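Spelled out, the chains give:
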Amino acid sequence: QMQLVESGGGLVQPGGSLTLSCTASENTFGIYILGWYRQAPGKERELVATKSSGHLATIADSVKGRFTISRDNAKNTVYLRMNNLQPEDTAVYYCNAEPTSYHKEHGYIEVWGQGVLVTVSP
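Residues numbered from 1 in each chain as written. Predicted model: local features only at pLDDT ≥ 70, side-chain atom pairs only at ≥ 80, totals over all residues. Heavy atoms only, no water.

Asker: Looking at this structure, how should I read the pairing of strand β4 (residues 32-39)?
Answerer: Looking along a regular strand, one sees the side chains alternate between the two faces of the sheet. Buried residues dominate β4, accounting for 6 of its 8 residues. Direction of pairing for β4 relative to strand β9 (residues 91-99): antiparallel, over a ladder of 8 bridges. If you follow Ile33 over to β9, its bridge partner there is Glu98. Bridging between β4 and strand β5 (residues 46-51) involves 5 bridges; their strand directions are antiparallel. Within the sheet, the bridge partner assigned to Leu34 lies in β5 and is Lys51. Where β4 hands over to β5, the hairpin turn is made up of 6 residues, of which Gly42 adopts a positive phi near 75°. (Buried < 20%, exposed > 50% of the residue type's maximum accessible area, 1.4 Å probe, protein only. Helix = DSSP H or I, 4+ residues; strand = E, 2+ residues; numbered from the N terminus. Pairing = 2+ DSSP bridges.)

Here it is, written out as structure tokens:
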């Protein structure tokens, strides 16, 4: 099965920035929508942002204007640049690869990364 390897988590003060990286072990171009989810303590997992191989992207209202998702198709890597981090951003962040509808019909399965902890605290 394809693996997603994440990095970039850590402790940061409010107002600081971090960049998360997620690299897939297989080709993702044209096959998977790549994205990021997060789960804060005591809360349900929520969508943060997604990015297609092309121009389509989504971003949660809670992070709009502060977070940016980008994707390097040649490296099979998706990034999440997080600026002006706030305590409410504290969560475990999970990389996600969702097959397109076409590829779901042809046996491709959703894949999750192991998660990286982002802690925003004074």
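Asker: I tried to follow the packing of aromatic side chains on my own but got confused; where do I start?
Answerer: How two aromatic rings sit relative to each other is set out by the distance from centre to centre and by the angle between their planes. Within the structure shown, the criterion is met by 2 aromatic pairs. Look at Tyr32 and Tyr108: their rings are 6.0 Å apart centre to centre, the planes differ by 75°, and that puts the pair in the edge-to-face class. On the criterion of sequence distance, the pair formed by Tyr32 in strand β4 and Tyr108 in the loop between α1 (101-105) and β10 (111-112) is long-range, its members being 76 residues apart. We classify Tyr32 as buried; its relative accessible area is 6%. For Tyr108, a relative accessible area of 33% gives the class partly exposed. The ring of Tyr94 has Arg45 sitting right over it, with the charged end atom 3.8 Å from the ring centre. (Phe/Tyr/Trp six-rings, centres within 6.5 Å; stacked < 30°, edge-to-face > 60°. Lys NZ or Arg CZ within 6 Å of the ring centre and 35° of its normal.)

Asker: Just to check I follow, could you spell out the state of the cysteines for this structure?
Answerer: A covalent bond between the sulfur atoms of two cysteines is what we call a disulfide. Tallying each qualifying case throughout the model produces 1 disulfide. Here Cys22 connects covalently by a disulfide to Cys95, the sulfurs 2.0 Å from one another. Linking Cys22 and Cys95, the disulfide has an S-S dihedral of approximately -85° and is accordingly described as left-handed. Of the two residues, Cys22 is situated in strand β3 (residues 18-24) and Cys95 in strand β9; the sequence distance between them amounts to 73 residues. For Cys22, a relative accessible area of 2% puts it in the buried group. The class for Cys95 is buried, based on a relative accessible area of 0%. (Disulfide = S-S within 2.5 Å.)

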